[in-house]
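The chain contents come next:
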Amino acid sequence: MLADLDVKPGQRVLEIGTGTGWNAALLAYRLGAENVVTVEVDSAVASEARKSLDRFGLPVQVVHGDGLLGYGARAPYDRVIATCGLRKIPFAWVEQSKPGGVLLVPWGTYYGPGEAAARLVVARHGQSASGPFTRPVAFMRLRSQRFVWPRHDEYVPPGALDAADTSTTTLTEAQLCGTGSFDPVGFALGLRVPDVAHNPDRRRDGRRAVWFYGTGGSMDRSWAVVVFRDDREEAKVYQSGPRRLWSEVESAYHWWLSHGEPDHSRFGLTVTAEETHAWLDDPVNSWSL
């Protein structure tokens, strides 16, 4: 990630998420401690990092505060780097960056755990930042953006399956549920289907249910489940609520196939004060998240 950040001598860097201070120390070694500011939300962690950096001879300014706000007192910055996973990028980071500055942010959706580092370049007018994803990453989530799983029975009360719309799908469990530390299919589906989380059950006796929950606000109690069975070529689908979540997911999967099964490196983000857009290959080909 530091290679992706591409710092140059004389540049000033804002880091969000101090942790032990190790990353800030690397930046300070390259740029000088006076050019690095790091923000940590946990007071005890910030205090220990400050002591470690001072002991190592790199007295970086360690700020105890909310990283979502950045740190305007030392702005503008040439680079901003986050060492925590985000689901929404605060526009304050763009505002506190110079035109042409770079934001490097671990980012993902609530669809699943997959994250990739977004490398966003601030526009000349300073009103947006845009760029591609560079590499898969995995970080603890920013505290205020950690996902709280909904109660299943608030979406699917007793008897809800009997009243749900039913259908079948020819998509397979292997196609929908990726393996490994980073799932390119899940990452793409999260970008294409907003405000939805999915939760695959464990496989039991040749059967696996994959649940989907709408997360678009307190009134969104849309849900869907697809049930895969080893002894059947088609899977049974149940869905209910104002949205048809499985229909959205299935459509997004076919969109992904039709565009050549792109991985993270073909996607990117554009952030403005009003909203965030995702795009494929070019910011012109964007959609709102």
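The present account deals with the structure reproduced in this document. (Residues numbered from 1 in each chain as written. Predicted model: local features only at pLDDT ≥ 70, side-chain atom pairs only at ≥ 80, totals over all residues. Heavy atoms only, no water.)

1. Focus: the overall build of the chain
Now for step 1: Per the secondary structure count, the chain includes nine helices and 15 strands.
Now for step 2: With the C-alpha coordinates of the chain rotated into their principal frame, the extents come out at 65 × 40 × 35 Å.
Now for step 3: A fraction of 53% describes how many contacts in the chain between residues 6 or more apart in sequence connect residues 24 or more apart.
Now for step 4: Total accessible area computed for the chain in this model is approximately 14100 Å², and 51% of it derives from carbon and sulfur atoms. (Helix = DSSP H or I, 4+ residues; strand = E, 2+ residues; numbered from the N terminus. Contact = heavy atoms within 4.5 Å. Areas by Shrake-Rupley, 256 points an atom, 1.4 Å probe, with all protein chains shown as cover.)

2. A short note on the sheet that holds strand 4 (residues 77-82)
Now for step 1: What the ten strands build is an open sheet, ordered 3-2-1-4-5-6-7-13-14-15; its pairing is mixed. Looking at which strands have only one partner, the edges of the open sheet turn out to be strand 3 (61-64) and strand 15 (286-288). On average, each strand axis in the sheet is tilted by 20 degrees relative to the strand beside it, whichever way the strands run.
Now for step 2: By the bridge criterion, three bridges tie strand 14 (residues 276-280) to strand 15 in an arrangement that is antiparallel. (Pairing = 2+ DSSP bridges. Axes fitted to C-alpha atoms, helices over the stretch in contact; angles between N-to-C directions.)

3. Some details on the pairing of strand 10 (residues 207-214)
Now for step 1: Within strand 10, seven of the eight residues are buried, which leaves it mostly tucked inside the rest of the structure.
Now for step 2: Adjacent in sequence and paired antiparallel, strand 9 (residues 196-200) and strand 10 are bridged by six residues, among which Asp205 carries a positive phi angle near 50 degrees.
Now for step 3: Judged from the seven bridges that link them, strand 10 and strand 11 (residues 223-229) form a sheet pairing that is antiparallel. Looking at the pairing, Tyr213 lines up with Trp223 of strand 11. (Buried < 20%, exposed > 50% of the residue type's maximum accessible area, 1.4 Å probe, protein only.)

4. A look at unusual backbone geometry
Only a minority of non-glycine residues have a phi that is not negative, and only a minority of peptide bonds are not trans.
Now for step 1: Between Ala75 and the following residue, Pro76, the backbone shows a cis peptide bond with an omega angle of 5 degrees.
Now for step 2: Mapping Pro76 onto the fold places it in the loop between strand 3 and strand 4.
Now for step 3: Residues other than glycine seldom take positive phi values, yet Asp6 does so here, at roughly 55 degrees.
Now for step 4: In this fold, Asp6 is placed in the loop between helix 1 (2-5) and strand 1 (13-16).

5. Things to note about the pairing of strand 12 (residues 235-240)
Now for step 1: For strand 8 (residues 165-169) and strand 12, the ladder comprises five bridges, and the chain directions are antiparallel. Its bridge partner being in strand 12, Thr169 is matched across the sheet by Ala235.
Now for step 2: Both strand 11 and strand 12 contribute to a ladder of five bridges, which runs antiparallel. The partner of Ala224 across the bridge, within strand 12, is Gln239.
Now for step 3: Between the antiparallel neighbours strand 11 and strand 12 lie five residues.

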